[in-house]
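Coordinate inspection notes
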Amino acid sequence: MTPKRRITGVPDRAGEAGLGFPRLSSVIASVPAVAEEATRTVKVQSDASSRVDKPTTGMRVSRKDAAIALSLANLCALRILAEGPPYLSASTSLLVKDAYPSAHFAAILITTSILTTCFLLATRMMRERPFPGSRVVGEGILWLGGLIALNSLRRVLVHRFPVLTIANLTMDIPSAYRTVVVTFVLAALVVGGIRYARRIVPALRLLLTVLFPMACINIAVTLAMLAISVTTPKPALESSSAAGTHSHGSRVLVLLVDELDYRLAFDARREGLALPNLDSMKRGAFFAKNAVAVADRTLISVPSILAGKRYQAVRAESGGFELQDSTTGNWNTWGLEKDLLDDVRESGLRTGIVGWYLPYCRTYAGKTERCAWWEASFVGFAREERLLRCLRNQLVSLVEAPAASPFPISLQREMDDRIDRQLIEEATSQLSDANLDLIFVHLPTAHAPHYYDPETGQLGKEELGLAGYWNGLVFTDRTLGTLMERLRSTGLESRTIVVLTSDHSYRLGEKQAGKRDYRVPFLAKFPSDNETLEYLPPFKNTVIRAVARGLLDGTISSPRELAAFLDRAGRAPAARVAIAPPGEAAEP
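To start, this report covers the structure provided alongside it. Computed from a predicted model, the values in this text were never measured in an experiment. (Residues numbered from 1 in each chain as written. Predicted model: local features only at pLDDT ≥ 70, side-chain atom pairs only at ≥ 80, totals over all residues. Heavy atoms only, no water.)

**Looking at the state of the cysteines**
Quick note on the threshold: A pair of sulfur atoms, both from cysteines and within 2.5 Å, is called a disulfide here. The secondary structure listing takes helices from DSSP runs of H or I that are at least 4 residues long and strands from runs of E that are at least 2 residues long, numbered from the N terminus.
Following the criterion strictly, the structure yields one disulfide and no others. Covalent S-S linkage joins Cys 361 and Cys 371, the inter-sulfur distance amounting to 2.1 Å. In this structure the cystine formed by Cys 361 and Cys 371 twists about its S-S bond by roughly -100°; its chirality is therefore left-handed. Taken together, the positions of Cys 361 in helix α16 (residues 360-363) and Cys 371 in strand β8 (residues 370-374) put the pair ten residues apart, joining distant regions of the chain.

Have a look at this one:
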């Protein structure tokens, strides 16, 4: 008799029932366990499917993620923070014209919040993948944030290491290829970062975590500055009220064009470059061929010209700029020591100033009848009274540099355009004022950045290097034509003597033009004399103070008399003036 087969895994109670199969109750008892396992499997598959195909609700972000996002946002906004109070250097603070409005600090907080939110969203998209391609989008946002942070750090370091400016880094690249090269470098950084992300990302996360306290400090400082700006009364506008009376004798216009180089403007001019107004002024005028700037820095050169003596150093103090006399070694606050403005006032005459970069109206408050000045576009940060406009400027500044911008008009070009137009407009207004006897005008038309486009006559794309400087000379020439035309149209040309000079020559001359020449133009155009006199002996242009006095009191009324005056005044040794640099560090 064949034995019955035993079914394994099921209790064999066949002998008890008299049957060869398990009981039905045992089978039924195993069904719930199998059903529960199948349900669990389906649920896991459903959850995985929902993560891919359906957006998740709610945002799961850890505190560490938030700290890292805020730290990265702080690095991106570091450039904005560094170019405003309280982080401005003492020297830059004195060059800022208007106080920073509360809108500036409120916009910093909003900008930081926007960036932090964007980086948190990018982190969520990378982890939870709420839609197809979300990981790529999240990575792109974070890599863009990294590039913005690097650019921000570069802009902060530029103040200490000027070689890091885009202009210096790309100056030797032809303009036609400059954009391509910059784009290629950025693309290489992104591709390299993605390729080595497994090594780079953990280190960056650690670094951002370590730098988180700096973000908290900057937010606290910004909140404090916002509170101060809201509670502090707005300072009164700078004004001047000279007590002089108008003379009906000769008027003098001292036109100082920043960084106007004698050699490049006249002796070594680019072939085919037309500067008709400069050439016209040279004809029938006193024309010095060996006038040399007293210094290589505007902050030293301009006060030296006005004081009629050489200063050798400058420092920023709470009361203003202090200058060191090269003869005595004494330090004197600019504006308190007697200079050309005091001479004119003591003679009972009236003075007007149109200035750029230096705080003329603050320095000479009460010494002039009319005064207007504009800070340089590279001093401080672009400020606006309106919050939305201020926020727009800050967000735009994150993705551009003065010499490279993804937008048709960069923020700095926009500022330079406004500053140049206002300067020229005020200069023509003061030239039309017959009550002014001495007008001192300081213009930046030859100074970088060079945005002027000779073809259109408008500010266009910035041109770097010597090509940009040639455009600056054209801009200077046309501005000179505008000023002279205003004199003719008002009938004041017949009694206005124009003296043209500069604070220093082109400081990139050796690198860009093959030779550095320290000579600057020195022309004096007399309305009643058409005699051309070329003056060869060398001299420093600090003689302007004494020359302007002589022109106003009538002791100098022709090119010959001016030449005789310079002969009597004495000159520096020819060898020293012709070849020796002034010796100061190159700054605007």
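Okay, back to it.
**Focus on the nonpolar core**
This is how it is decided: In these notes, a set of buried Ala, Val, Leu, Ile, Met, Phe, Trp, Tyr and Cys residues joined through side-chain atoms within 4.5 Å is what counts as a nonpolar core. Only protein chains enter the accessibility calculation, which uses a 1.4 Å probe; a residue is then buried when its area is under 20% of its type maximum, exposed when over 50%, and partly exposed in between. Between two residues, a contact is recorded if the distance between any of their heavy atoms is within 4.5 Å.
One finds Leu 255, Phe 286, Tyr 360, Phe 522 and Leu 566 to be the most contacted residues of the largest nonpolar core, which totals 127 residues. The element that contributes the greatest number of residues to this core is helix α19 (residues 465-490), accounting for ten residues. Leave out the neighbours within four places in its chain, and Phe 286 touches Phe 522, Leu 523, Ala 524, Leu 533, Tyr 535, Pro 559, Leu 562, Ala 563 and Leu 566.

**Looking at the packing of helix α18 (residues 411-431) against α19**
Defined as follows: Axes here mean lines fitted to C-alpha atoms, for a helix over just the part in contact, with angles spanning 0 to 180 degrees between N-to-C directions. These descriptions rest on fixed angle ranges, namely under 35 degrees for roughly parallel, over 145 for roughly antiparallel, 65 to 115 for roughly perpendicular, and the rest for oblique. Should the near helix be turned anticlockwise from the far one by less than a right angle, the crossing is left-handed, and should it be turned clockwise, the crossing is right-handed. Note that Gly is not counted as nonpolar here; it falls among the polar residues with everything else outside the nonpolar set of Ala, Val, Leu, Ile, Met, Phe, Trp, Tyr, Cys and Pro and the charged set of Asp, Glu, Lys and Arg.
Between α18 and α19, the shortest axis-to-axis distance is 9 Å and the interhelical angle comes to 30°. Between α18 and α19, the angle falls in the class roughly parallel. For α18 against α19, the interelement crossing comes out right-handed. Across from Asp 420, Ile 424, Ala 427, Thr 428, Ser 429 and Leu 431 in α18, the residues of α19 making contact are Phe 475, Thr 479, Thr 482, Leu 483, Arg 486 and Leu 487. Looking at the contact of α18 with α19 residue by residue, the classes come out as six nonpolar, four polar and two charged.

**Considering the sheet that holds strand β6 (residues 331-333)**
What counts, and what does not: Criterion used throughout: strands pair if DSSP finds at least two bridges between them.
Taken in spatial order, the three strands make up an open sheet running β4-β5-β6, and their pairing is antiparallel. For this open sheet the edge positions go to β4 (311-317) and β6, each flanked by a neighbour on one side alone. Sheet twist, expressed as the average angle between the axes of neighbouring strands with direction ignored, equals 30°. Note that strand β5 (residues 320-325) and β6 share three bridges and pair antiparallel. Residue Gln 324 lies in a different strand from β6, and its bridge partner there is Trp 331. Helix α14 (residues 298-307) contacts β4 and β5 of the sheet and is inclined by roughly 115° relative to β4.

**Focus: helix α11 (residues 212-231)**
Since one α-helical turn is 3.6 residues long, residues separated by three or four positions face the same way. Formally: Every helix has an expected span of 1.5 Å times one less than the residues it contains. The arc in question is the one spanned by the directions pointing from the helix axis to the C-beta atoms.
For α11, with 20 residues, the first-to-last C-alpha span of 29 Å sits near the 28 Å given by 1.5 Å per residue. When α11 is considered as a whole, its buried residues turn out to be Ala 215, Asn 218, Thr 222, Met 225, Leu 226 and Ser 229. Seen along its axis, α11 keeps its buried residues to an arc of 105°; they face one direction. Exposed residues on α11 whose side chains face more than 90 degrees from its buried face are Ile 217 and Thr 231. Summarising the contacts, the buried residues of α11 are in contact with α3 (63-76), α4 (78-82) and α6 (102-128).

**Quick look at the sheet that holds strand β1 (residues 251-257)**
The strands that make up a sheet are held in pairs by hydrogen bonds between backbone atoms, and each pair lies either parallel or antiparallel. Taken in spatial order, the eight strands line up as β8-β7-β9-β1-β12-β13-β2-β14 in an open sheet, and their pairing is mixed. In the strand order of this sheet, the two ends are held by β8 and β14 (533-535), each with one partner. Neighbour-to-neighbour, the strand axes of the sheet open up by a mean angle of 10°, direction not taken into account. In the packing of α14 onto the sheet, contacts are made with β1 and β9 (438-443), and the angle to β9 comes to roughly 165°. The strands touched by α18 are β1, β7 (351-356), β8 and β9; relative to β8, the strand with the most contacts, the crossing angle is about 165°.

**Focus on the side chain of Asp 258**
For the record, the criterion: We score Asp and Glu as negative and Lys and Arg as positive, and we do not count His or the chain ends. Note on definitions: salt bridges are taken to be side-chain nitrogens of Lys or Arg within 4 Å of carboxyl oxygens of Asp or Glu.
By secondary structure assignment, the location of Asp 258 is in the loop between β1 and α12 (262-267). Although Asp 258 is buried, it makes no salt bridge; Arg 507 carries the closest opposite charge, 5.7 Å away. Non-local contacts of Asp 258, meaning those with residues more than four positions away in its chain, are made with Thr 298, Trp 356, His 442, Leu 443, Pro 444, Ala 446, His 447, Ser 502, Asp 503 and His 504.

**Brief notes about the pairing of β4**
Pairing geometry for β4 and β5, over six bridges, is antiparallel. Bridging from a neighbouring strand, Glu 317 pairs with Gly 320 of β5. Following β4, the chain reverses through two residues before pairing antiparallel with β5.

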